[in-house]
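Residues per chain, in single letters:
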Amino acid sequence: MGIEFAGTCDLALWCKVLRDKGWTGPRIARALGRSEGYINNLIRVVERASPAVLLRWREEQKGVPDPVCATDWLVQVCLLPHQQQDAELARRLAPRCSVDD
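Residues numbered from 1 in each chain as written. Predicted model: local features only at pLDDT ≥ 70, side-chain atom pairs only at ≥ 80, totals over all residues. Heavy atoms only, no water.

It is worth spelling out the pattern of salt bridges at this point. As enumerated under the stated definition, the model contains seven salt bridges in all. When the shortest N-O distance is used, the salt bridge between R58 and D10 registers 3.4 Å. You can see R58 sitting in helix α4 (residues 51-60) and its partner D10 sitting in helix α1 (residues 8-20), a full 48 residues away along the chain. Between E88 and R91 there is a salt bridge, and its shortest N-O distance comes to 2.3 Å. Of the two residues, E88 and R91 both sit in helix α6 (residues 82-93), three residues apart, roughly one turn of that helix. With a relative accessible area of 52%, R91 lands in the exposed category. (Salt bridge = Lys/Arg side-chain N within 4 Å of Asp/Glu carboxyl O. Helix = DSSP H or I, 4+ residues; strand = E, 2+ residues; numbered from the N terminus. Buried < 20%, exposed > 50% of the residue type's maximum accessible area, 1.4 Å probe, protein only.)

All right, on to the nonpolar core then. In a soluble, globular protein the nonpolar side chains are often hidden away together inside. One finds V45, W57, C69, W73 and L74 to be the most contacted residues of the largest nonpolar core, which totals 22 residues. Sorting the residues of this core by element identifies α1, α2 (25-32), α3 (36-48), α4 and α5 (71-77) as the ones contributing at least two each. Counting residues per element, this core draws most heavily on α3, at five residues. Ignoring sequence-local partners within four residues, the contact set of V45 consists of L54, W57, L74, V75 and C78. (Core = buried A, V, L, I, M, F, W, Y, C linked by side-chain atoms within 4.5 Å. Contact = heavy atoms within 4.5 Å.)

Quick look at α3 now. Between the first and last C-alpha of α3 there are 18 Å, a value that for 13 residues agrees with the 18 Å anticipated at 1.5 Å per step. I39, L42, I43, V45 and V46 are the residues of α3 that are buried. Looking straight down α3, one finds that the buried residues subtend no more than 155° of arc, so they occupy a single side. On its buried side, α3 packs onto α1, α2, α4 and α5. (Expected span 1.5 Å × (residues − 1). Arc of directions from axis to C-beta.)

So this is what it looks like as structure tokens:
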């Protein structure tokens, strides 16, 4: 039976559930055909991301224009305390200055 994920956030949440149920990173990776490092990074993001970052990432699965939660960025920003994560998210969401300004 195959499972279709709505996006990377969905995949990450399922990986976390499987790990919480006793599965190891390598087992999850094999089952999903992904690398162990990728799976572990997704789980780490779910565990460490601030609520605001997680909500934005989840919203982007629904097709929010101008997505800002690239996986590489999430992995890096989740090394920061929640308050700094929220500040980085706000910075990424801030309207870009136009050339005419």
